[in-house]
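# Notes for the structure review
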Amino acid sequence: MSAIVKKRKVDLECRAFNPEWEKYFFTERFGQAQCLICLKTVAVLKEYNMRRHWETQHQASSFASMFAAERKEAIVKLSGNLQKSTSLFRKQTTEADKVTRTSYEVSRLLARRMKPFTDGDFIKECIMVVIDSLCPEKRSAFESVSLSPRTVCRRIEEMSDSVNDSLKTCCSNFDAFSLALDESTDMKDTTQLAIFIRGVTAALQVYEELLQLVPLHGTTTGQDIFDAVLQCVKQHSLDMSRLACVTTDSAPAMTGKKKGAAPLLMRYCEAARHTQPIHKVHCIIHKSPCAPSLPTLLMSCL
Ligand SMILES: [Zn+2]
């Protein structure tokens, strides 16, 4: 309690830096007093703090034996050096930010075009050829953009995690949602179950997203699809009591009365005493706005 009162007292005093304190080789920076000699900062702007720092740290230094004019000159020079180093640091930070951002942008393009991660190296090679012939003086800036396969892979993973996090936040705000399930086989003969979600928030904002693409190894029975959907729903922390509709194709694994994924989902919700009736729709998935084409959705995710 006493600590809070003490802190408030300091806040209320609204201390300001007094230019006279420059005699202790201090200057004001970002609301704090900074020593021009050793660059240490003093959090509370109080003359005692600065005098104490000067007396304990620098009184024995050559700065103490300076005459008034000499001292003033030294203060101006040290202040100038400090300003210069700050602006240089800021410039370097923004340059580094731009370089990192470029690396993310190129990685994003590679993902959107479904190119292999190793293409990053080739793209950089091309950029360097162009730079060398058009503006060789800017070579160093472009050279520092990292596009190695490992970097591209890491960047894409980070962006994917970020998209997943946003999707989770979005899902947690849904008052009601519907799921659309579509199952097809990819080039390698692996069954892929696409789970789409359409949800509405209390503010009547509607979202449609590809929730997950789940590879189904082994059998693809209604139970397998049901298990995959349930796992996906849990992963995204969705509340099944808010499920309003399930849309599927008419394959027996989806709509079969006893063991179809959709009836299994309905029974699961009924057993959990969810009073809201669940609608079941089939055969309209490819026309339904609930399921835009897969590539469109994959791209919108990135
Ligand atoms: Zn100092």
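The structure displayed is predicted, hence computed values, not measured ones.

## What about the packing of aromatic side chains?
Under the criterion given, the structure shown has 5 aromatic pairs. Judged by centre distance (6.1 Å) and plane angle (40 degrees), the ring pair of phenylalanine 174 and tyrosine 207 falls under tilted. With a gap of 33 residues between them, phenylalanine 174 in strand S4 (residues 174-185) and tyrosine 207 in strand S6 (residues 206-216) connect regions that are remote in the sequence. For phenylalanine 174, a relative accessible area of 3% gives the class buried. Among the aromatic residues, ring-to-ring pairing joins Phe25, Trp54 and Phe63 into one connected group. Between the NZ or CZ atom of arginine 155 and the centre of the ring of tyrosine 104, over which it lies, the distance is 4.5 Å.

## Concerning helix H7 (residues 222-235)
Here H7 spans 20 Å end to end across 14 residues, near enough to the 20 Å set by a 1.5 Å rise per residue. Those residues of H7 that fall on the buried side of the exposure criterion are Gly222, Ile225, Phe226, Ala228, Val229, Leu230, Cys232 and Val233. Along its buried surface, H7 packs onto S4, strand S5 (191-201), S6, helix H8 (252-255) and helix H9 (261-271). Downstream of H7 by a residue or two, serine 237 has a phi angle that is positive, lying close to 50 degrees.

## Observations concerning the pattern of salt bridges
Scanning all chains against the criterion turns up 6 salt bridges. Put simply, arginine 108 and glutamate 105 hold a salt bridge, and the shortest N to O gap is 3.7 Å. Placement of the pair is arginine 108 and glutamate 105 together in helix H3 (residues 68-112), with a separation of 3 residues, close to one helical turn. Using a relative accessible area of 28% as the deciding quantity, one classes arginine 108 as partly exposed. The closest approach of N and O atoms between arginine 139 and aspartate 132, which form a salt bridge, is 2.6 Å.

## Points about the coordination of the zinc ion
Those donors, Cys35 (SG), Cys38 (SG), His53 (NE2) and His58 (NE2), are the protein atoms that reach the zinc ion, and they lie 1.9 to 2.3 Å from it. Note that the zinc ion binds 4 donor atoms; their angles at the metal cover 102 to 121 degrees, and the shape is tetrahedral.

## Quick look at the confidence of the model for the protein
Of the residues in the protein, 87% have a pLDDT of 70 or more, and the chain-wide mean is 82. Across residues 1-12, confidence stays below pLDDT 50; counting only partners more than four residues off in sequence or on other chains, it has 1 contact. Ignoring residues within four places in sequence, the model shows residues 287-302, a span with pLDDT below 50, making 28 contacts including any to other chains.

## Things to note about helix H6 (residues 149-172)
Its 24 residues place the ends of H6 35 Å apart at the C-alpha level, agreeing with the 34 Å of an ideal helix rising 1.5 Å per residue. Along H6, the positions that sit buried rather than exposed are Thr151, Val152, Arg155, Ile156, Met159, Leu167, Cys170 and Cys171.

## Focus: the nonpolar core
Among the nonpolar cores identified, the biggest contains 33 residues, and Leu179, Leu181, Leu193, Ile195, Leu211, Ile225 and Val229 are the most heavily contacted of them. Where this core is concerned, the elements lending two or more residues are H6, S4, S5, S6, H7, strand S7 (243-248), H8 and H9. Looking at this core, the element that brings in the most residues is H7, giving 7 residues. Apart from the residues within four sequence positions on either side, valine 229 is in contact with Leu179, Leu181, Leu193, Ile195 and Leu265. Grouped together as the second largest cluster of nonpolar side chains are 16 residues, Phe17, Phe25, Met50 and Ala74 included.

Reading guide: rules and limits
- Residues numbered from 1 in each chain as written.
- Predicted model: local features only at pLDDT ≥ 70, side-chain atom pairs only at ≥ 80, totals over all residues.
- Heavy atoms only, no water.
- Phe/Tyr/Trp six-rings, centres within 6.5 Å; stacked < 30°, edge-to-face > 60°.
- Helix = DSSP H or I, 4+ residues; strand = E, 2+ residues; numbered from the N terminus.
- Buried < 20%, exposed > 50% of the residue type's maximum accessible area, 1.4 Å probe, protein only.
- Lys NZ or Arg CZ within 6 Å of the ring centre and 35° of its normal.
- Expected span 1.5 Å × (residues − 1).
- Contact = heavy atoms within 4.5 Å.
- Salt bridge = Lys/Arg side-chain N within 4 Å of Asp/Glu carboxyl O.
- Donors = N, O, S within 2.8 Å, 3.2 Å for Na, K, Ca; no water.
- Tetrahedral: all angles 85-135°; square planar, octahedral: opposite > 155°, others 65-115°.
- pLDDT = per-residue confidence, 0-100.
- Core = buried A, V, L, I, M, F, W, Y, C linked by side-chain atoms within 4.5 Å.

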